[in-house]
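Notes for the structure review
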Amino acid sequence: MKTHILYRGPQERGDCWQGLFTDSLPNVVWHHWPQVDNKEAIEIMIAWKLPRDYQQDYPNLKVIFSVGAGVDQLDLATVPSHINLVRMLDPGIAQGMSEFIAMHVLNIHRDTFSYINLNKTATWSQLPTLATKQRRVGILGLGNLGQAAAQTLLNLGFRVNGWSRSPKQVDGVKCFSGDAQLTDFLAQSDILVCLLPLTDQTRGLLNYSVLSHLPKGASVINVGRGEQLIAEDLVALIDSHHLNYAVLDVFDVEPLADNHILWQHPKVLVTPHIAAITQNESAGQVLVENIQRYLNDEPMVGKVDKTLGY
Ligand code: NDP
Ligand code: OXD
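Report on the accompanying structure. (Residues numbered from 1 in each chain as written. Chains lettered and ligands numbered in written order. Predicted model: local features only at pLDDT ≥ 70, side-chain atom pairs only at ≥ 80, totals over all residues. Heavy atoms only, no water.)

On to the pattern of salt bridges, then. By the definition in use, this model includes four salt bridges. A salt bridge links Asp200 to Arg203; its shortest N-O distance comes to 3.1 Å. The class for Arg203 is partly exposed, based on a relative accessible area of 41%. In this structure, the salt-bridge partner of Arg203 is Glu227, at a minimum N-O distance of 3.0 Å. In this pair, Arg203 sits in the loop between β9 (191-194) and α7 (208-211) while Glu227 sits in the loop between β10 (218-222) and α8 (231-239), placing the two residues 24 residues apart along the sequence. The exposure class assigned to Glu227 is partly exposed, which follows from its relative accessible area of 33%. (Salt bridge = Lys/Arg side-chain N within 4 Å of Asp/Glu carboxyl O. Buried < 20%, exposed > 50% of the residue type's maximum accessible area, 1.4 Å probe, protein only. Helix = DSSP H or I, 4+ residues; strand = E, 2+ residues; numbered from the N terminus.)

Arg87, Asn144, Ser166, Lys168 and Tyr310 are the nearest of the 30 residues found near ligand 1. Residue Arg87 places a side-chain N or O atom 2.8 Å away from an oxygen atom belonging to ligand 1. In this structure, Gly143 approaches ligand 1 through a main-chain N or O atom, which is 3.1 Å from an oxygen atom. In isolation ligand 1 exposes 940 Å². Once the protein is present, 92% of that is buried. Elements that contribute at least two residues to the shell around ligand 1 include exactly α3 (91-109), α5 (144-155) and β7 (159-164). (Near = heavy atom within 4 Å. Polar contact = N/O pair within 3.5 Å; in protein donor to acceptor, adjacent residues only side chain to side chain. Areas by Shrake-Rupley, 256 points an atom, 1.4 Å probe, with all protein chains shown as cover.)

What follows concerns the site of ligand 2. If you check the shell around ligand 2, you find Trp48, Gly68, Ala69, Gly70, Arg225, His273 and Ala276 and nothing else. Within the side chain of Arg225, one N or O atom sits 2.8 Å away from an oxygen atom of ligand 2. Burial of ligand 2 by the protein amounts to 83% of the accessible area it has alone, namely 210 Å². For the shell around ligand 2, the per-class residue count stands at three nonpolar, three polar and one charged. (Nonpolar A, V, L, I, M, F, W, Y, C, P; charged D, E, K, R; others polar.)

One can describe the packing of α3 onto α5 by two numbers: an axis separation of 9 Å at closest approach and a directional angle of 50°. One way to sum up the angle between α3 and α5 is to call them oblique. You can see that α3 and α5 cross each other, and the crossing is right-handed. Contacts between α3 and α5 involve Ile93, Ala94, Met97, Ser98, Ile101, Ala102 and Val105 from the former and Leu145, Ala148, Ala149, Thr152 and Leu153 from the latter. Taken together, the residues of the contact of α3 with α5 sort by class into ten nonpolar, two polar and no charged. (Axes fitted to C-alpha atoms, helices over the stretch in contact; angles between N-to-C directions. Parallel < 35°, antiparallel > 145°, perpendicular 65-115°, else oblique. Left-handed = near helix turned anticlockwise from the far one by under 90°. Contact = heavy atoms within 4.5 Å.)

Strand pairing in a sheet is mediated by backbone hydrogen bonds. Such pairs are either parallel or antiparallel. Pairing in this open sheet of seven strands is parallel, and the strands run β8-β7-β6-β9-β10-β11-β12 from one edge to the other. Two strands close off the open sheet at either side, each with one partner strand: β8 (173-177) and β12 (268-270). Pairs of neighbouring strands in the sheet enclose a mean axial angle of 15°, with direction left out of account. Pairing between β9 and β10: four bridges, direction parallel. Bridging from a neighbouring strand, Cys194 pairs with Asn222 of β10. Sheet strands in contact with α8 are β10, β11 (243-248) and β12, and its direction is about 145° off that of β11. (Pairing = 2+ DSSP bridges.)

Attention shifts here to the packing of aromatic side chains. Scanning the entire structure with this criterion turns up five aromatic pairs. Measuring from centroid to centroid gives 5.3 Å for Tyr7 and Trp30, while their planes differ by 25°, and the two rings are stacked. Taken together, the residues span a long stretch of sequence, with Tyr7 in strand β1 (residues 3-8) and Trp30 in strand β2 (residues 28-32) at a distance of 23 residues. Centre to centre, the rings of Phe176 and Phe185 are 5.6 Å apart; their planes meet at 65°, and the pair counts as edge-to-face. There is no split in this pair, since Phe176 and Phe185 are both buried. Joined through ring pairs, the aromatic side chains of Tyr7, Trp17, Phe21 and Trp30 make up one cluster. Cation over ring: Arg8 sits above Trp33, and NZ or CZ is 4.0 Å from the ring centre. Across the ring face of Tyr245, the terminal group of Lys267 is positioned such that the distance to the ring centre comes to 5.2 Å. (Phe/Tyr/Trp six-rings, centres within 6.5 Å; stacked < 30°, edge-to-face > 60°. Lys NZ or Arg CZ within 6 Å of the ring centre and 35° of its normal.)

It is worth stressing that arrangement in space is one thing and function is another; only the former is reported here.
This is the structure:
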């Protein structure tokens, strides 16, 4: 019997994945949304956002694969309980994220942003430097991406702290968990990296009062989701010289409005949600392996706990 898959996304990625699936999953039939004549046949959907009324239109849907690591773009409360939701654990995303975080931790650590500003006035000024072992990087979220980034930073010699919901033990990382240890964790973060999923618990987490617990002169990198950070509070803390720099890759409204104050701020670097992009080849391989698991009735990797929201 054939298993029908519906893909909703860009053509180029679809062509890549269709080719991989044809080679590796001979009993699978590929459909590219919206071209699907027999909607009742669809068992698996691969998408970033879901088509409207998919619950009624695809009555035999069993699995939804998100093409991204996050699933906050989906309204989890409306995903029926019998449908498995699986997020993307692409090694290409982990590699991209580790590169982005290492690059900007190093930029902050070695004062790149100050030198860019000094260049504007042709000022030759040698700023003091610290060794990486004197700099503490705090990672909010010690999951798949947080742990990959932590390893890259440890390899560069930084002191790495991490915060998660449940207690963890990660080699070389000083681990904190739960709301009770957040303040202690923040007080030890010279560079704070947010890599949390967006949930009811993390929305608005990084507000004035929470960010005030960072040491004076700390910097912030947000690669989680925009809604986790109150941008006005961050800017107020930078302008009052409590915080130093910010690198922001995610925003509550994307694209960021062209008249937003963040674009103009001399101590903020805006990037357009590119910290880590799903890589077609490696992600396609992850999908193939997970679909094989599904077909063999084995547990899939990256299954989302809909009650936790990630
Ligand atoms: P994981 O689910 O693997 O890890 C999430 C981590 O966050 C876990 O350690 C989890 O704790 C922790 N966490 C969740 N809720 C809380 C909470 N309330 N308090 C404390 N810790 C919490 O996710 P990934 O690492 O794969 O991805 C993280 C996020 O990165 C994605 O959800 C997405 O938003 C973002 N992302 C951004 C990209 C970009 O380009 N900017 C690209 C890809 C992802 P525990 O381990 O105890 O469960
Ligand atoms: C993701 C993202 O979640 O791109 O994969 O943000």
